[in-house]
Amino acid sequence: MKLFRTIYFVGVVLIFVGGYRLVNHQTYGNSLFAAGVILYSTVQLILLFQQSTKNWALFEYLKFGVNFLFLISVGLLLFGNFAFWYYPFIVGLLMDFFANIFRRIQKS
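Remember, predicted model here, so these are calculated numbers, not experimental data.

Draft legend 1. The arrangement of the overall build of the protein chain in detail. Along its length, the protein chain carries four helices and zero strands. Each helix (α) and strand (β) of the protein chain, taken in turn from the N terminus, gives the series α-α-α-α. For 108 residues, the compact-globule estimate of 2.2 N^0.38 gives 13 Å, and the C-alpha radius of gyration of the protein chain, at 15 Å, lies within 12% of that figure. With the C-alpha coordinates of the protein chain rotated into their principal frame, the extents come out at 45 × 30 × 25 Å. The buried share of the protein chain, taken over its 108 residues, is 31%. Sequence separation of at least 24 residues holds for 52% of the intrachain contacts in the protein chain that already meet a minimum separation of 6. In the form shown here, the protein chain has an accessible surface area of approximately 7200 Å², with 71% of it arising from carbon and sulfur atoms.

Shown next, in the form of structure tokens:
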């Protein structure tokens, strides 16, 4: 579990560093950002699939959708040279935000 946590936080750091470089139009911004998103999403997907999909609740399906959108945005950023890669990324962030709120409401 410590390995997953380390990879997860390395991904978060790469997202912030790459995002900063991407916004400032510096070199390697898209590569660092993409590597961070891939690490972040991969760890979350691995942890989701360690559970049985029969036991998934709405929150797990939303998290799967969020990570899928993040990986689509990375594909558009790196491989498609598509200028609007950030649309699926922003939709994924919004879904993640509301999924976390939904989980907190459900717990209380």
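Draft legend 2. Summary view of the nonpolar core. Counting eleven residues, the largest nonpolar core is built from Ile15, Phe33, Ala34, Val37, Tyr40, Val66, Phe70, Val74, Leu77, Trp85 and Phe89. Taken together, the elements giving at least two residues each to this core come down to α2 (29-50) and α3 (58-78). Dropping the residues within four chain positions of it, Phe33 is found in contact with Leu14, Ile15, Gly18, Gly19, Leu77, Trp85 and Phe89.

Draft legend 3. Representation of helix α1 (residues 2-23) within the structure. The first and last C-alpha atoms of α1 sit 31 Å apart over 22 residues, in line with the 32 Å expected at 1.5 Å per residue. Of all the residues in α1, the buried ones are Gly11, Ile15, Gly18 and Gly19. Around the axis of α1, the buried residues are gathered within 105° of arc, so they sit on the same side. Those residues of α1 that are exposed and angled more than 90 degrees off the buried face are Lys2, Arg5, Phe16 and Tyr20. Looking at the buried side of α1, the elements it contacts are α2. At the exit of α1 stands His25, carrying a positive phi of roughly 55°.

Draft legend 4. Local environment of a nonpolar patch on the surface. A cluster of nonpolar residues, Phe84, Tyr86, Tyr87, Ile90, Leu94, Phe97, Phe98, Ile101 and Ile105, forms a patch on the protein surface that exposes about 890 Å² of accessible area. Within the secondary structure, Leu94 sits in helix α4 (residues 86-107). Relative accessible area serves as the criterion here: at 46%, Leu94 is assigned to the partly exposed category.

Draft legend 5. Focus on the pattern of salt bridges. Enumeration according to the criterion identifies one salt bridge in this entry. The partner of Lys63 in a salt bridge is Asp96, with the nearest N and O atoms 2.4 Å apart. Here Asp96 lies in helix α4 and Lys63 lies in helix α3, a separation of 33 residues in the sequence. Judged on exposure class, the residue Lys63 and its partner Asp96 are both buried.

What counts, and where the lines are drawn
- Numbering of residues begins from 1 in every chain and follows the order in which that chain's sequence is written.
- Restriction of local features to residues with pLDDT of at least 70 applies here, the model being predicted, together with a cutoff of 80 or more for giving and counting side-chain atom pairs; totals for whole chains, interfaces and linings are based on all residues.
- Note that water and hydrogens are dropped before the side-chain values are worked out from all heavy atoms of the structure.
- A run of DSSP states H or I qualifies as a helix once it reaches four residues; a run of E qualifies as a strand once it reaches two. Both are numbered from the N-terminal end.
- In this description the radius of gyration comes from C-alpha coordinates, and the expected globular size is given by 2.2 Å times residues to the power 0.38.
- Each residue gets one of three labels from its accessible area relative to the maximum for its type: buried under 20%, exposed over 50%, partly exposed in between, using a 1.4 Å probe on protein chains only.
- Contacts between residues were defined by any pair of non-hydrogen atoms, one from each residue, lying within 4.5 Å.
- Per-residue accessibility takes into account occlusion by the displayed protein chains alone, with areas from the Shrake-Rupley method and a 1.4 Å probe.
- Throughout, nonpolar core names a set of buried Ala, Val, Leu, Ile, Met, Phe, Trp, Tyr and Cys residues whose side chains join them through atoms within 4.5 Å.
- Here, expected helix span is obtained from the residue count minus one, scaled by 1.5 Å.
- By arc we mean the arc of the directions from the helix axis to the C-beta atoms, nothing more.
- Patches in this entry comprise residues that are over 30% relatively accessible and not in a salt bridge; like charges within 9 Å are linked, as are nonpolar side chains (Val, Leu, Ile, Met, Phe, Trp, Tyr) within 5 Å.
- Should a side-chain nitrogen of Lys or Arg be within 4 Å of a carboxyl oxygen of Asp or Glu, the pair is scored as a salt bridge.

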